[in-house]
Amino acid sequence: MTDYFSSLESLVSQAEKQGCSLSQLTWEYQATDMKTSREELFANMAGRLAVMRTSGEKGLEETRSPSGLSGGQGKRLREHVPQLLGPVGHDAAVIAMAIAEHNACMGRIVAAPTAGACGILPGVLLSLGKHLGKTDEQLILGLFNAAAVGLVIAKNASLSGAEGGCAAECGSAGAMAASAAVELLGGTPRMCANACAFALKAVMGLVCDPVAGLVEVPCIKRNVSGAMIALSSAELALAGIESAIPADEVILAMKSVGCMMNPALRETSLGGIAATPTACEIARRLDRKQVQASSNRPQ
Amino acid sequence: MKPWKYYEKGTSRTPMPGFMVIGGTLPLEWRDNTQTVMNMFDIIGPVMVGPSSSHTAGASRAGLVARKLLGEEPAEAEITLFGSFAKTCAGHGVDRAVIGGILGFSLDDLRLRTAFEEAEKAGLSYRVSHSELAMSHPNTVAIRLKGRSGDTIRVTVCSVGGGAIKVTEIDGGQVELTAQYATTVVFNNDRAGAVAAVTACFAQHNINIAFMRVYRNYEGKDAIMVFETDQLVGADIVEQLQRMPNIRKAVSISPFQS
């Protein structure tokens, strides 16, 4: 079986040769790989887009996470009149935050590519849908495009914070969203690859340092940062700016950086933000709460 | 239920006898199947209840696979969480997710959030304990289930990332089961011809075996066969397997999908 997703370069040159988009190519390839019809793949992805949309709405309701650490900030950001961000950026931030909070509150979300980074891709896509008139069909194609980028990163580096730090999770999500946004706005496949490279370079080496081991602090706000990086990367690519380093080499660098990273900075909560005095105090407080909860549990 | 040794959070005396591997187990491997092909729904997915694919989605699948291996409605559950599963249990809802899985909920079922209440409704009694014993994988859960008929099963499951799981122990025997393929687990007596009888049955029903392994702890005693197949093994075939001599139980598990 041909491995269609071994590199971005192979996908881009194939798309250029066929004169089609990355999403069309991915759609075709995946229908072959998964031995299923194109219609079935489309319907399945449409279901995922619907879950993304619902999670963005539910995330704006006033809730708190089981730990009490997060919730309600997406709503606050939506009610705030943006002073710096435009409508696309503001809504992308609101949706990214709302979905990441909904995830922390045990809501139903689509991991994209992971649960910890689940706000970034829908934040960018749904905001484009709302403000730039992109139809659901176009957004679903955007998800196909993003999936192709995710598959290439999964094969050549990693999507797991325990292996590649936050760069592997929020970084990959940002690269996927940037590529999808470029295609939705009429950019070429090569521009998509450039947008990926920009997004990944922006977070190269970003550590995964969840406070008390929970997907809340700093993960939720990093979803907003990831969405902003995706938008700026897409904007650069659409302007025709090229990455000096090809996207595939950036992905390999990301893998290498992950290997060089101290395990304390890879989802173990032993370094970074998680090792600050305040974070340690939060962890101790939650630990006490948990001991109480487990001793009160019905037998 | 006969009480079995368990450990409350913070104690670490001796390992649980039931989960120690006694004697050598020789997994007979035809091919390594740890590398499975990813598709775009692994990237844009799974659809799941948050907050963590390993600690919530993986935990619910651990409960679900234990339920499937029991093969009937569970009445009692004893759950021991290890490592990071124990440490971050409350914030990630690990205990609720495992119990939800034992109740048969899938990883995107919102009832995972209220699994304690759902367990009461379903008449499932449970006990959750936390252990600080180091296990080979940081996200490990040991589950003992007792079914309505009194049948029991003990499994150890690791959540290996992205919602994927690996069953590493069934009833004290070391196995490796990921449920990424249609999987059939056969509990048999270690006798000549037992494997051949099962594979012949599969052949008769046009079930193609992708991977298979057989395990036992002692010669002539309890053995386990794990088959990963291209087609799902239906209830009728499972029934046929269970009627065979030297086969105590057979269960068919449909593959997990993202």
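Here the structure is shown first, and the text comes after it.
Residues numbered from 1 in each chain as written. Chains lettered and ligands numbered in written order. Predicted model: local features only at pLDDT ≥ 70, side-chain atom pairs only at ≥ 80, totals over all residues. Heavy atoms only, no water.

Caption draft 1: Expanded view of the overall build of chain B. Within chain B one finds 8 helices and 11 strands. For chain B, the residues scored as buried account for 54% of the 258 residues in total. Here the analysis covers contacts within chain B between residues at least 6 apart in sequence; of these, 69% occur between residues at least 24 apart. Working note: accessible area of chain B is about 10,700 Å², and carbon and sulfur atoms make up 50% of it. (Helix = DSSP H or I, 4+ residues; strand = E, 2+ residues; numbered from the N terminus. Buried < 20%, exposed > 50% of the residue type's maximum accessible area, 1.4 Å probe, protein only. Contact = heavy atoms within 4.5 Å. Areas by Shrake-Rupley, 256 points an atom, 1.4 Å probe, with all protein chains shown as cover.)

Caption draft 2: The sheet that holds strand β10 (residues 222-229) of chain B, seen in detail. All names here are of chain B. The strand order across the open sheet built from 4 strands is β9-β10-β8-β11, with neighbouring strands paired in antiparallel fashion. The open sheet is flanked by β9 (209-216) and β11 (247-253), the only strands paired with a single partner. In this sheet, adjacent strand axes meet at a mean angle of 15 degrees when their direction is disregarded. Taken together, the 7 bridges between β9 and β10 define a ladder with antiparallel strand orientation. The residue bridging Arg 216 from the neighbouring strand is Ala 223, located in β10. Packing of helix α2 (residues 53-70) onto the sheet brings it into contact with β8 (182-189) and β11, and relative to β11 it is tilted by some 140 degrees. Helix α8 (residues 235-242) contacts β8 and β11 of the sheet and is inclined by roughly 165 degrees relative to β11. (Pairing = 2+ DSSP bridges. Axes fitted to C-alpha atoms, helices over the stretch in contact; angles between N-to-C directions.)

Caption draft 3: Helix α6 (residues 115-122) of chain B, seen in detail. Residue and element names in this part refer to chain B. Within α6, the full set of buried residues consists of Ala 115, Phe 116, Glu 118 and Ala 119. Buried residues in α6, looked at end-on, bunch into an arc of 160 degrees, giving them a common side. Exposed positions of α6 whose direction lies more than 90 degrees from the buried face are Glu 120 and Lys 121. Positive phi shows up at Gly 123, right after α6, with a value of about 75 degrees. (Arc of directions from axis to C-beta.)

Caption draft 4: Molecular detail of the pattern of salt bridges. All names here are of chain A. Considering all chains together, one arrives at 17 salt bridges over all chains under this definition. Here Asp 91 and Lys 130 are joined by a salt bridge, their closest N and O atoms 2.7 Å apart. Note that Asp 91 is positioned in helix α5 (residues 87-104) and Lys 130 in helix α6 (residues 120-131), a separation of 39 residues in sequence. Owing to a relative accessible area of 8%, Asp 91 belongs among the buried residues under this scheme. In this structure, a network of salt bridges that share partners links the residues Glu 9, Glu 16 and Arg 190. (Salt bridge = Lys/Arg side-chain N within 4 Å of Asp/Glu carboxyl O.)

Caption draft 5: Up close: the packing of helix α7 (residues 194-204) of chain B against α8 of chain B. Residue and element names in this part refer to chain B. The N-to-C vectors of α7 and α8 enclose an angle of 150 degrees; their axes lie 11 Å apart at closest approach. When the axes of α7 and α8 are compared, the pair comes out roughly antiparallel. Along this stretch, α7 crosses α8, giving a crossing that reads as right-handed. Facing Val 198, Cys 201, Phe 202 and Gln 204 of α7, the residues of α8 in contact are Ile 237, Gln 240 and Leu 241. A per-class count over the contact of α7 with α8 returns 5 nonpolar, 2 polar and no charged. (Parallel < 35°, antiparallel > 145°, perpendicular 65-115°, else oblique. Left-handed = near helix turned anticlockwise from the far one by under 90°. Nonpolar A, V, L, I, M, F, W, Y, C, P; charged D, E, K, R; others polar.)

Caption draft 6: The arrangement of the interface of chain B and chain A in detail. Between chain B and chain A, the contact holds 40 residues from the first and 43 residues from the second. The junction of chain B with chain A conceals about 3,400 Å² of combined surface from both sides, 63% of it contributed by carbon and sulfur atoms. It is Met 40, Ile 43 and Ile 44 of chain B that lose the most area in chain B upon contact with chain A, and together they represent 22% of the buried surface on that side. Viewed at the interface, chain A and chain B are joined by 0 salt bridges. (Buried area = accessible area lost by both parts, 1.4 Å probe.)

Caption draft 7: Seen up close, the packing of aromatic side chains. All chains considered together, the criterion is met by 8 aromatic pairs over all chains. Note on Trp 27 of chain A and Phe 144 of chain A: the rings are 5.4 Å apart at their centroids and 50 degrees apart in plane angle, and the pair reads as tilted. Remark: Phe 144 of chain A occurs in helix α7 (residues 136-156) and Trp 27 of chain A occurs in helix α2 (residues 22-33); sequence separation between them is 117 residues. Assessed through its relative accessible area of 0%, Phe 144 of chain A is described here as buried. Here the aromatic rings of Phe 116 of chain B and Tyr 126 of chain B are separated by 5.7 Å at their centres, their planes lie at 20 degrees, and the arrangement is stacked. A residue pair is termed long-range when its members are at least 10 positions apart, and Phe 116 of chain B in helix α6 and Tyr 126 of chain B in strand β3 (residues 125-131) qualify at 10 residues. Residue classification places Phe 116 of chain B among the buried positions, given a relative accessible area of 18%. Here the aromatic residues Tyr 4, Phe 5 and Tyr 29 of chain A are joined through ring pairs into a cluster of three or more. The ring of Trp 27 of chain A has Arg 38 of chain A sitting right over it, with the charged end atom 4.0 Å from the ring centre. Between the NZ or CZ atom of Lys 249 of chain B and the centre of the ring of Phe 187 of chain B, over which it lies, the distance is 5.0 Å. (Phe/Tyr/Trp six-rings, centres within 6.5 Å; stacked < 30°, edge-to-face > 60°. Lys NZ or Arg CZ within 6 Å of the ring centre and 35° of its normal.)

Caption draft 8: Inspection of the side chain of Thr 178 of chain B at higher detail. Residue and element names in this part refer to chain B. On the secondary structure map, Thr 178 appears in the loop between β7 (173-177) and β8. What makes Thr 178 buried here is its relative accessible area of 13%. Setting aside anything within four residues of it in sequence, one finds Thr 178 in contact with Ile 165, Lys 166, Glu 228 and Phe 256.

Caption draft 9: Representation of the nonpolar core in the model. Judged by nonpolar contacts, the single largest core of 86 residues is most densely connected at Leu 11, Leu 121 and Ile 153 of chain A together with Ile 44 of chain B. Setting aside residues no more than four positions away along its own chain, Ile 153 of chain A makes contact with Ser 158, Leu 159, Ser 172, Ala 175, Leu 200, Ile 251 and Met 254 of chain A. Counting 49 residues, the second largest nonpolar core, distinct from the first, contains Leu 64, Leu 69, Val 94 and Leu 177 of chain B. (Core = buried A, V, L, I, M, F, W, Y, C linked by side-chain atoms within 4.5 Å.)

Caption draft 10: Local environment of unusual backbone geometry. All names here are of chain A. Backbone torsion omega between Ala 112 and Pro 113 reads 0 degrees, so that peptide bond is classified as cis. Among the secondary structure elements, Pro 113 is positioned in the loop between β1 (108-110) and α6. Positive phi values are uncommon outside glycine, yet Lys 35 reaches one of about 50 degrees. Within the secondary structure layout, Lys 35 lies in the loop between α2 and α3 (38-58). For Glu 267, which is not a glycine, the phi torsion comes out positive at approximately 65 degrees. Judged by relative accessible area, which is 34%, Glu 267 ranks as partly exposed.

Caption draft 11: Molecular detail of the packing of α2 of chain A against α3 of chain A. Residue and element names in this part refer to chain A. At a minimum axis separation of 9 Å, α2 and α3 run at an interaxial angle of 115 degrees. For the element pair α2 / α3, the angle class is roughly perpendicular. Where α2 crosses over α3, the two elements pack in a sense that is right-handed. For the pair α2 and α3, the contacting residues are Gln 24, Trp 27, Glu 28, Gln 30 and Ala 31 in the first and Arg 38, Leu 41 and Phe 42 in the second. Its residues assigned to classes, the contact of α2 with α3 comprises 4 nonpolar, 2 polar and 2 charged.

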